[in-house]
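In case you want the letters, here they are:
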Amino acid sequence: MADKNKMRFATALLHAGKPDGGVTPAATMVPVYQTSAFQQESAERLEGIFHNTQPGYCYTRVGNPTVSSFERRMAAIEGGVGALACASGMAATFNVICGLCEAGDELVASSCLYGGTLELFEDLERMGITVRRVDDVTPEQLAGAVTDRTRLVFAETISNPRLGVLDIPSVAAWCHGQGLPLVVDNTVASPYLCRPLELGADVVVESTSKYVNGGGNAISGVIVDSGKFRWDAERYPALAKWRKMGPFALLARLRNGLWRDTGACLAPVTAFLNCVGLETLAVRMERACENSLELATWLSGSGLVSEVGYPGLPDAPDHELAARQFGGKFGALVTFRAGSREKAFKFVNSVRYAYRASNIGDVKTLVLHPASTIFADNTPEERELAGVYDDSVRVSVGIEDVEDLIEDFRQALS
Ligand SMILES: *Cc1c(COP(=O)(O)O)cnc(C)c1O
């Protein structure tokens, strides 16, 4: 915060990446450009846009002003040189990995990841990309998994649902020593808790369907690049011709290639909804984090459940790292073990306010039995590494009055 010209976080949420004055007659919200294509005044101008020699829009799969506005805000908020908005968090993850790896290449990833990402790895294996897993993302374990075919290291800031915390500065420093980029899925932390690029990570992928949107009203994802990693032309041949773009090489390679060609673009109306959501991210997260700490503290003293998982609890395994890295906030996911699968189901069926839903990051509290849902297709080993047991319950804590949540949980557990 020493830079006087730099907006503070909550201000940036409202004022970073505003629509430029020329585009719109002073609307205070970015308008939704609900159009497939953009007509230009001349064939020459269209030619220039297609050759990246003139700015402008031609087709919404490639670019759209509403989407660009969301991208500029996300880049500013995460502290990157640019961003690429995607149709979903999964599309963002797929595009970064396949933008950097080709058949024969490898990546090293945490074993403890979002279930959808673990499933995506099976498809990547089928495409000839080998995924090596490490149970803990530490320099020691990474050293045993990296080979000369490794192209990136992938981990989550806070893992979902084990709630392990990634030590970003030390892991990033180790990766850079090996000439490897660190790609971080920042979905669970959200940029409110953590800006991985400021801590040394190279690329952020994020499901903005969650905390960024906040209202649980649309699916989307984003890729944000720090622009600092120097892509070696031999290791990353797909980026070779984009190296002239300097810090924008990866984003240019995706925007003009894989991302555009896989149709991973974001719908303009979703970009608009995300811009609305972003404006209240700080106040929503502040409340959800407070509620989570109170709820987790109550749960662990209640005698009704065991192994309450929340990095904010003083005896949580990653408590000190989380406190240091996230500035005293600990996120809005809480887990616990109900004692048996039946008890977990009974709790999920008995809550009055919380929704039974498989997403996270809504303003409303959500509860889920992960083993039978988001981890239904994973192996028992994968589940255990992700901290998912038969009696585990995950709570995505909302912004309700916490007294109501506690009363509701007490009746549902009794
Ligand atoms: C939800 C989620 C994703 C996938 O995002 P979608 O928007 O559902 O495609 C990826 N990573 C994490 C940690 C998530 O929670």
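Criteria and thresholds
- Residues numbered from 1 in each chain as written.
- Predicted model: local features only at pLDDT ≥ 70, side-chain atom pairs only at ≥ 80, totals over all residues.
- Heavy atoms only, no water.
- Helix = DSSP H or I, 4+ residues; strand = E, 2+ residues; numbered from the N terminus.
- Phe/Tyr/Trp six-rings, centres within 6.5 Å; stacked < 30°, edge-to-face > 60°.
- Buried < 20%, exposed > 50% of the residue type's maximum accessible area, 1.4 Å probe, protein only.
- Lys NZ or Arg CZ within 6 Å of the ring centre and 35° of its normal.
- Pairing = 2+ DSSP bridges.
- Axes fitted to C-alpha atoms, helices over the stretch in contact; angles between N-to-C directions.
- Expected span 1.5 Å × (residues − 1).

J.: I'd like a description of unusual backbone geometry, backed by residues and values.
T.: With an omega of 10°, the peptide bond between Asn 160 and Pro 161 qualifies as cis. Within the secondary structure layout, Pro 161 lies in the loop between strand S4 (150-156) and helix H7 (168-177). A positive phi angle is found at Leu 163, which is not glycine, with a value near 65°. Counting through the fold element by element, Leu 163 comes out in the loop between S4 and H7.

J.: Can you break down the packing of aromatic side chains residue by residue, with the values?
T.: Each aromatic ring pair is summarised here by two numbers: the centre-to-centre distance and the angle between the ring planes. Considering all chains together, one arrives at nine aromatic pairs under this definition. Taken together, a centroid distance of 5.2 Å and an interplanar angle of 80° make the contact between Phe 336 and Phe 347 edge-to-face. Here the residue Phe 336 occupies a position in strand S9 (residues 333-337), and Phe 347 occupies one in helix H13 (residues 341-350), the gap between them amounting to eleven residues. Look at Phe 347 and you get buried, because its relative accessible area is 0%. Above the ring of Trp 259, the side-chain terminus of Arg 255 is found at 5.5 Å from the ring centroid. Between the NZ or CZ atom of Lys 364 and the centre of the ring of Tyr 355, over which it lies, the distance is 5.8 Å.

J.: I'd like to hear about the sheet that holds strand S6 (residues 203-207), residue by residue, with values.
T.: What the seven strands build is an open sheet, ordered S1-S7-S6-S5-S4-S2-S3; its pairing is mixed. Each having just a single partner strand, strand S1 (82-86) and strand S3 (130-134) make up the two edges of the open sheet. Ignoring which end each strand starts from, the neighbouring axes of this sheet average 20° apart. The sheet contact formed by S6 and strand S7 (residues 221-225) spans five bridges and is antiparallel. Considered in S7, the bridge of Ser 207 is made with Gly 221.

J.: Please set out helix H11 (residues 281-302) residue by residue, giving values where relevant.
T.: Taking 1.5 Å per residue, 22 residues should reach 32 Å; H11 reaches 31 Å between its end C-alpha atoms and fits that length. Within H11 the residues assigned to the buried category are Leu 281, Ala 282, Arg 284, Met 285, Ala 288, Cys 289, Asn 291, Ser 292, Leu 295, Ala 296, Trp 298 and Leu 299. Phi turns positive, to about 70°, at Gly 303, one or two residues after H11.

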